[in-house]
Structures are given as C-alpha cells and as structure tokens.
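# Architecture and fold: a report
Listed here are the chains, written in short residue letters.
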Amino acid sequence: MTETLSDASRASAYKAHDLIAEDIDAYLLQHQHKSLLRFITCGSVDDGKSTLIGRLLYDSKMIFEDQLAALEADSKRVGTQGQEIDFALLVDGLAAEREQGITIDVAYRFFATDRRKFIVADTPGHEQYTRNMVTGASTADLAVILIDARKGVLTQTRRHSYLARLIGIRHMVLAINKMDLVNYDHAVFDRIVADYRAFAAGIGIDAFIPIPVSGLRGDNITTRSDATPWYTGPVLLDHLETVEIGDDPASTGPFRMPVQWVNRPNLDFRGFSGLIAGGSVSPGDTVRILPSGRTSTVARVVTFDGDLPVAVTGQSVTITLADEVDCSRGDVIAAAGAPPQVADQFETTIVWMADDEMLPGRPYWLKLGTQMVTAVVQPPKYQVNVNTMEHLAAKTLGLNAIGVANLSTDRPLVFEPYETSRDLGGFILIDKMTNATVAAGLVNFSLRRAQNVHWQAIDIDRDAHAAQKGQRPKLLWFTGLSGSGKSTIANLVEKRLFALGKHSFLLDGDNVRHGLNRDLGFTDADRVENIRRVGEVAKLMTDSGLIVLAAFISPFRAERDMVRSMLPEGEFIEVFVDTPLAEAEKRDVKGLYKKARAGQLKNFTGIDSPYEPPENPEVVIDTTEMSPDQAAEHIVARVLWGRSEIPDDEDPDWFKGRGI
Amino acid sequence: MQLYAACTAAPAGFEGVSTTAKATSSEARISAERLTHLQRLEAESIHIFREVVAEAENPVMLYSVGKDSACMLHLARKAFHPSPPPFPMLHVDTTWKFKAMYEMRGRMARESGMELIVHQNPEAKEKGINPFDHGPLHTDMWKTQGLKQALDKYEFDVAFGGARRDEEKSRAKERIFSFRAANHVWDPKNQRPELWRLYNARKSRGESIRVFPISNWTELDIWQYIHLENIPIVPLYFSEMRPTVERDGLLLMVDDERFPLLPGEEPVMRPIRFRTLGCYPLSGAVISEAATLPEVIQEMLLTTTSERQGRAIDHDQAASMEKKKREGYF
C-alpha cells in the first residue's frame, strides 16, 4: 500500500521540461520572456486552500524528490489525510502552524509554467486574520476564492470577496472545491454559482470565472477532469496562464513617479530616482513637480544599462530634468497636463491592523508613496461588518476592523484615489511610539474643504505681536499625575511673570473641561482630543505673542509630542512635575484617588489608565525635593533667561549679560 | 579563466540583452503588460534598495560572495547608477571559505567602488573554532555571533541580505523588511504587515532591520539574470577537476592544507562543481560536466533534488532554519 503510493508519487515529482535537455538556450529564451502573475488564494483551512496550492506546485512538477520524500514522511506523521499525501504540509511553513494545523501568516510561493511565472500569496481565511488577507491582496492581480462545494456560499466567502474587491483586485476566480465529495454534481455547481452571482453584483464584482475543482484529487487544476464532462470552461491553471492583466488603470493613465532618492554623484549630475507608478515617460516630455507645481522638461531617462527612449509603469529609473528645479524625496513628478491632486484632508477607508485600537485625534505617521507626514484620523463615520457589509456606528476601530473615516495631514499630500492608483492612493499608518505598522488605508477622495479653505495671509504676524510685547512667546507645558502640583506651580509661575511685566495666560485642565472641552470624557480617545484642542488654542495664543502656561495631566507622550511639533523649535517647554504616585495619592487634594480606588472613577491616570512620563523634558520638578516657590523660581529662570539655575541674589553680577 | 569563458559563451540573442534597456523608439510606447517577470523583479529590487537608502541612517550590504550576493550587488549598482552604492559591503568571514571566494570578494569590492568590511569573530578565532572539530558551534560562533558583533560594532541599522523566499519554508513567510529587536531576535508572530510597495523602515535605537531585496526571486531567476547580465560569479560554480574526498555522503573539496585527512584517506581528482557555496568543509560538491552558465542552468533544471541538499546546515530538524533565525542567524 505504502509502497505503491511512493512509486506513484515519485513518478509525479519534479520533471524537467523536454526543451531543457534538448535546447537549453531556447528554453532560457522562452523563460526570459515570461510574464508574471501575482495572485492570492482566499479560503479557510477547511476549504482546502493549502491543499489546492500544494496541488498546483505538485502538478506543475515543482516538488523535488527529496521534498516529496520529506512530505510523504510528514504526511504519515502529522498529516490529516491518513496514508495519503497531505499537500497542505507543503505550504504551512512556521512551526507553530504545523503544530496547530492552521495557516497564520502570509506565505509567498513560486512556480512557473511554459507561459507564465506565478507568485502566490497564501493567506489565512479566518476573520481574525483579515489583516493578513488584506496584506496578501495588496500586491495581487487576481484572487482565487475557494468554496467548499458541500457548504456553498458562506459568510467567509462574502468576507473574502469583499476584501478582494476593496483592495482593488479585478480578476476573480471562484474555485468550487471538493467536487469529489458531492459526486461532481452539476446542479450543486450551478446553484453555488447562481448564489454567488447574486451576492457579487451587490459589492461591485461584475465578472468572475467559476471552476469546479478537487484539490485532493486534482480535478480541473492542471488537467481537465473526466468527472465533470458538463464543465466546458477553462481549468484553473489554463486560466491563470492566459488571463489578461495589463489593463491596470494606472499603467494606461498619465505619467506619475514618486521621487525616492535624489542621485547626486557630482555637481554635473542631478537625477531623480523612482519607480514609475503610472503612464510612461520619454525625454522631451513636459512634467510638473508636485506639490510645488513647478514645470520642467525631461532631459534623460537614465539606467545602468544606458539611457532609455521610453520607460513605462513598473520600471525603476532615474530622471534628469532640463531645469534646476527644487525636487526631493516625497515629491511626485507627473505629466504636466494631467497632474495628480494635492490635499490635506481626505475621506479614507482604513483597515486597522494592531492590537491597540485606533485613537481618533492621535497623530500617526502616514506613508503614501514616498511621502511621510503626520496624520490625525477623525472618529469613524462607520465600521463595515465584513461578513454582511452592513454599516455599523463606531467610535474607533479595533484589530481587523474596517471603517470609513476622515483624516487630515500636517502637510499637503500628492495623491490619487485608490481606485485610480494603488501606488498613490494606498497608505499605511505607523505608531509614533512603537513604530509598528498599525493600519492600511485607501484614499477615497479629498474633502472639498481642504481645497477651498486657504490660509489667510495676515499682515501683523506672530513676530510683530511678540515684538510689541517685548517677549518671546513660549508654551510651558506642565505634565504630571493628578495632584502632582501642576496647577499650583503654574499659578505661581504666572504670578512671577505678571510681576515682571510679561504677558501670559494660564490654561488649566479642569477649567478647559468646563467650557471648550465639556463634551469630552476620560477615555483614551477623549484624552487625545482634549490635548489636541488645547494644543491648537495654545498655538493661537503663542501666535499672539503670549507666554502660555498649560497644566494638563496629558498622560500620553504622543499627544505632548504632537503639541510640540505644532510650535516653532524652542517654544515648547515641557515641564515634568515629577511626583511619585504614592505621594500624589497621599496628598489627594481633590479626593479623587480615594474615589478611583473605590471604583467610583473610571480611567483614572495612574490607577487604571497609564501615564507615560516624558523622555527628555526641558524641565523636571521633583516636588519631593523642591517647594512650589522654588519650583516656580526655577522655571521662570529657565523661561526668561534660558537657564535652569535660580538667580543668585548674593551675586550682584548675576544679571549682567543676561539681557534683563 | 572559466568565468569569462562562460560569459562570452552566451548565444546570440542573449548577449548583453538588458532587462531594462534596448527598447528602441520604433517599439513605440511599450505597455506595462509587456514587462517580463525578470524586469518586474529587477524594478522591485531596485525600489527596495532606494527606499532603504532614503530612510536608513547607516545601512550595510551583507556580502557572502555566493551567486545570490553577486546578483544582489549587481542590483545595488543598478539602483544607484551613476553613483556607487552609498553603503559598504560586509563579509562575515569564518576563515573557512574557499580560496576562490576570497579572490572574488577582493575583485568585486574594487569593481563596485564600495568599501569592504571583513569581520571575523575574535572569540572564535582565539578558540580556533572550526567545522571539523566543533560541528554546529562553528556556524553559531563564526556566523550568527559574528554577524551580531559586526552589526553592533559598526552600529548598522539596516542590513541587506540575499535570502530568497523560495529557499525554504520559513523564509516564505518572512517580510522583505524584517524587523529585529535590540538583541537581533526575529519574532515570526510579530512581523509588521507589508502592503503594496510601502515599507516601514522606522525603528527605535538599538533595533535593526534586515532587508531582503531579492525575496521574490527564484533560483532559476537568479541564474537567468546572471546569464543575461554577465554578472561575475565564483568559478567554483563551474565544473573543473578538483581534489575531493567523500565523507558522510557529502563530496568535499580539499581546498587547503587545513583539511584533516583521515588515515588512509587520499584526495581524488573529480569533475565537480558547487550548487551553493559556504565554508568549504561544509559545502557538498556535485559531480558535473557543466562548465558554462547555460550548462549549469540546464543541469540545475534537470536535477530532481532541491538546491539546499548540498548545504549541511538544514539537515538537523524540520524547523531548524526557523530556530536559527529566531536566534539571530541571517
């Protein structure tokens, strides 16, 4: 029994193309001109997805003898097919996956036929791996959606189809698998196809190719099956080999190239390197550089192999321009007559990929093409139920959630809607603290207010305001635990500034929450918004020349850094009022710790909500070492004279040369 | 030299055909559909190199002198032409490579105009760690520890490596930008999602990223590219009569006098070549007549065992490579 199986398997192991032995040069020439198809397989473990991929590799003779021998041994040891070969073992790579018998990540597989080379993204199908599927789909031209013939169109089929459509895959194959288990019944096949067609039209999938297959038996995978005489369409591999994929809207559209790197080997050469994201380019073409809008003419298209007369979408090149124009990483060189848009506010679709949920109002890094900016996401308009496509109300997005939300950036972005260009419409969000990729996003469109609200040029600028007051504007940001002494010290600082004739204003956390921020609570998301608003108000006040004192717990580094980034270099002074939790709790001036400990106050910083101390504050006040008055003196010295020491009254020369 | 013979032996139609150039104006506006898979792979690799250089502080290219490294080096030169690649190449040396590899290393450093850094683990050197007496410790000390030492010593934050996803099962799941914690450890369950062409190169101090620009190339792609682009490779890939002994089922080449011959063992001249190159006492040769690139490719395609069989490192256990990578092996 085992013997027979091994013999049969060996006969099916890797077999070289006849041409290789006969005429290697001819074979190489053929291989050189193959095109590439990247596709994704969507399905759950039970649908037989890994088996199908394993079967494709096996039937296209990509499994070597030693691999096959290992596979046979593994199949007997841990396989799920009894004495038969478990093809899934070919593709389930990580040790953890082999132990659990599931696929948990994106794995890439490679195989080639006479006509094409293929890269398969193998991704898990369960709902908790939505992010993995989106990742695999982002580089795919085609999706193979698996359906278990016994079960028909299921929730997961809808989810996979929706995600594939969302990510812009235009070629769909519906592989109705395990046909052997329904006796290759034509009626079963027809019913599933009809069900799927009814659903697919509703989410914008107008064309798909349904194929009855059996991964386990190999029916209609690489060769036509005798068991399905009623089926006249292509077998799976034939379709993958021949489907036309060159009608990508970007490649036939106007020229776009995000600049990755400026190549300056010497003073005589200044080239702009990038991968062409749309259209084509030739010397002599008029181009526009965005966001500046300046135009120039392409002088050369430079490559290691010599200059090109034309370069197309997908090629990596270096362009030189006829004029000395400003252009650097992040800019986009585009066809002058049809440039992409520039905006700083967008409606986007976001796929959240991190365990920590999205915090509306928190600044994240946003990378789109070669542009890296800071972005703030508004609360979602809605979340999509990926199983039913229903829109649900949502305040935030958790792991694997997909929602639609507005987003604003701190600098204008050169972009195109995602449906026009994956390269200029797809982006990722990166957590500023952990540097993790937390979300993938698609730009739907820019918001009109971004295009129509322009900055008003004001004649009396911030320098004029400051000069009139005879001071340099500052924002003193007091951060620390509740009860640490922030307000007390800030109050004393302001009294001293006032006495010195300085113009100041104190923004206090409790006071602001009675008015401007009365609609906000104490969840993480509300805390973020609280600080964003205070930051904006404080910024306007410093524009008017004031020294602003802000006393807020502001527990998160990210928000404090956001406010810092709003102000010119040197104007943000972070004052860390460092009081240990035990000490603050002992003081408990407002009786809040007691309430929090009793469970009457939720989300209380230091108790059940975290406090992230500053890493490099300009001033640290240790309230167990310094009295409030000493602290205030210390801070005033730092603000007015740029020194951290306290004026020495005994030294008559102390004030000399300090501009006082 | 055999190497040059192989390059000039390319038939008409192959010679000097570049994968990006040679589009004449008469071909008019070629469409993206007509880019071949090698052109797409080349463009992707170049894009990856440039992203790293634009975002990293102190990148380095790991250079192992093998065919994958040769291909990677060639792509790096293409990415930054007319500038030389703006980073050094690092060879984590074990002192046990083939002589021909050391020759090639010097030549490529000169030709590319790049700085060559050679690191040898001083501890391994002092203890005289070698593949004959120390088994797996040899790889761990010279390669795994040596690599960590070199990256720490020069404070490289990004290291390019020539690994491919088709080599082995755990590689198939690794990202192109593979993030490593401060102790160089890889956590396969905590990889950053990698979408479109957007690579996240941000990291904190002490953390580093391994970047694999030829992740999506297969072994055949590498060989074909070397052929098309006339990329110089170590002559050991081509068959020649060489002194060998047979041990534990592996055919080993006696490359220098440090090879300890067992009593009665006598090196035998055999027509051999290598499919993969590493430390000579760990690299199994194959009997072959293939002396030109097309012949090598032909033989590779006609062979019915996978490429890595000649490399002793993978034989331990099914998940050995994944384990090594978690510990910091490249």
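So, a few notes on the structure that sits alongside this text. (Residues numbered from 1 in each chain as written. Chains lettered and ligands numbered in written order. Predicted model: local features only at pLDDT ≥ 70, side-chain atom pairs only at ≥ 80, totals over all residues. Heavy atoms only, no water.)

### Here's the deal with the packing of aromatic side chains
Where we set the bar: Here the aromatic set is Phe, Tyr and Trp, taking the six-membered ring for Trp, and pairing holds for ring centres within 6.5 Å; pairs whose planes are under 30 degrees apart are stacked, those over 60 apart are edge-to-face, and all others are tilted. Buried means the residue's accessible area, taken with a 1.4 Å probe over protein chains only, is under 20% of the maximum for its type, while exposed means over 50%, and partly exposed covers the values in between. Here, a charge over a ring is recorded when the distance from Lys NZ or Arg CZ to the ring centre is within 6 Å and its angle to the ring normal is within 35 degrees.
Counted by the stated rule, this structure contains 27 aromatic pairs over all chains. Considering the side-chain rings of A:Phe111 and A:Phe118, the 4.8 Å spacing of their centres and the 20 degrees angle between planes classify their relative orientation as stacked. With respect to burial, A:Phe111 and A:Phe118 carry one shared label: buried. Aromatic rings pair up to connect A:Trp261, B:Phe49, B:Phe80, B:Phe87 and B:Phe160 into one cluster. The aromatic ring of A:Phe522 is capped on one face by A:Arg513, whose charged end is 4.0 Å from the ring centroid. Sitting over the face of the ring of B:Trp96, B:Arg258 holds its NZ or CZ atom 3.9 Å from the ring centroid.

### Details of helix 8 (residues 219–229) of chain B
Rule in force here: Only DSSP runs of H or I with at least four residues qualify as helices, and only runs of E with at least two residues qualify as strands; both kinds are numbered from the N terminus onward. Every residue pair with non-hydrogen atoms within 4.5 Å of one another is taken to be in contact.
Burial runs high along helix 8 of chain B: 11 of the 11 residues are buried. In this structure, the buried side of helix 8 of chain B is in contact with helix 3 (24–32) and strand 3 (116–122) of chain A together with helix 2 (37–55), helix 3 (67–80) and helix 9 (293–302) of chain B. B:Asn230 lies just past helix 8 of chain B and shows a positive phi near 50 degrees.

### What about the pattern of salt bridges?
All names here are of chain A. Our working definition: Take a side-chain nitrogen of Lys or Arg and a carboxyl oxygen of Asp or Glu: if they are within 4 Å of each other, that pair is a salt bridge.
This model, assessed by the stated rule, comprises 47 salt bridges over all chains. Ionic pairing is found between Glu 559 and Arg 362, a salt bridge with its closest N-O pair at 3.0 Å. On the criterion of sequence distance, the pair formed by Glu 559 in helix 18 (residues 557–566) and Arg 362 in the loop between strand 16 (341–352) and strand 17 (363–368) is long-range, its members being 197 residues apart. Judged by relative accessible area, which is 10%, Arg 362 ranks as buried. Between Arg 532 and Glu 529 there is a salt bridge, with the nearest N and O atoms lying 3.0 Å from each other. Residue Arg 532 and its partner Glu 529 are both found in helix 17 (residues 524–543); the two are separated by three residues, about one turn of the helix. On the basis of relative accessible area, Arg 532 is assigned to the partly exposed category, the value being 25%. In the salt-bridge network here, residues are joined through shared partners; they are Asp 148, Arg 150, Lys 151 and Lys 178.

### Quick word on the environment of A:Lys469
Residues and elements named next belong to chain A. Among the secondary structure elements, Lys 469 is positioned in helix 14 (residues 462–469). Once the C-alpha coordinates of Lys 469 and His 503 are considered, the two residues, 34 residues apart in sequence, prove to be 7.0 Å apart. Setting aside anything within four residues of it in sequence, one finds Lys 469 in contact with His 503, Ser 544, Gly 545 and Leu 546.

### Observations regarding the sheet that holds strand 28 (residues 619–622) of chain A
Residues and elements named next belong to chain A. Keep this limit in mind: By definition, two strands form a pair when at least two bridges between them are found by DSSP. Helix axes are fitted to C-alpha atoms over the stretch in contact, other axes to C-alpha atoms as well, and angles between N-to-C directions run from 0 to 180 degrees.
Taken together, five strands build an open sheet; the order of strands is 25-26-24-27-28 and the sheet is parallel. Pairing within the sheet leaves two strands with one partner each, and these edge strands are strand 25 (504–508) and strand 28. With strand direction ignored, the average angle separating the axes of adjacent strands in the sheet is 15 degrees. When strand 24 (residues 474–479) meets strand 27 (residues 572–578), the two strands line up parallel, connected through five bridges. Paired with Leu 475 across the strands is Phe 572, a residue of strand 27.

### Points about the pairing of strand 2 (residues 107–112) of chain A
All names here are of chain A. In terms of burial, strand 2 is largely enclosed, as five of its six residues are buried. The pairing of strand 2 with strand 3 spans six bridges and is antiparallel. Across the sheet, Phe 110 pairs through a bridge with Ile 119, a residue of strand 3. The hairpin turn running from strand 2 into strand 3, its antiparallel successor, is three residues long.

### Considerations on unusual backbone geometry
A:Leu290 connects to A:Pro291 through a cis peptide bond whose omega is 10 degrees. Inspection of the secondary structure assignment puts A:Pro291 in the loop between strand 11 (286–290) and strand 12 (294–302). Look at the link from B:His81 to B:Pro82: it is a cis peptide, with omega at 5 degrees. As for its position among the elements, B:Pro82 is in the loop between helix 3 and strand 2 (89–93). Even without being glycine, B:Thr95 reaches a positive phi, approximately 70 degrees. Along the chain, B:Thr95 turns up in the loop between strand 2 and helix 4 (99–112). The class for B:Thr95 is buried, based on a relative accessible area of 19%. In the Ramachandran plot, B:Trp196 falls in the positive-phi region, its phi being about 50 degrees despite a non-glycine side chain. Locating B:Trp196 in the fold gives a position in the loop between strand 5 (177–180) and strand 6 (208–211). Of the residues examined, B:Trp196 reaches a relative accessible area of 7% and is grouped as buried.

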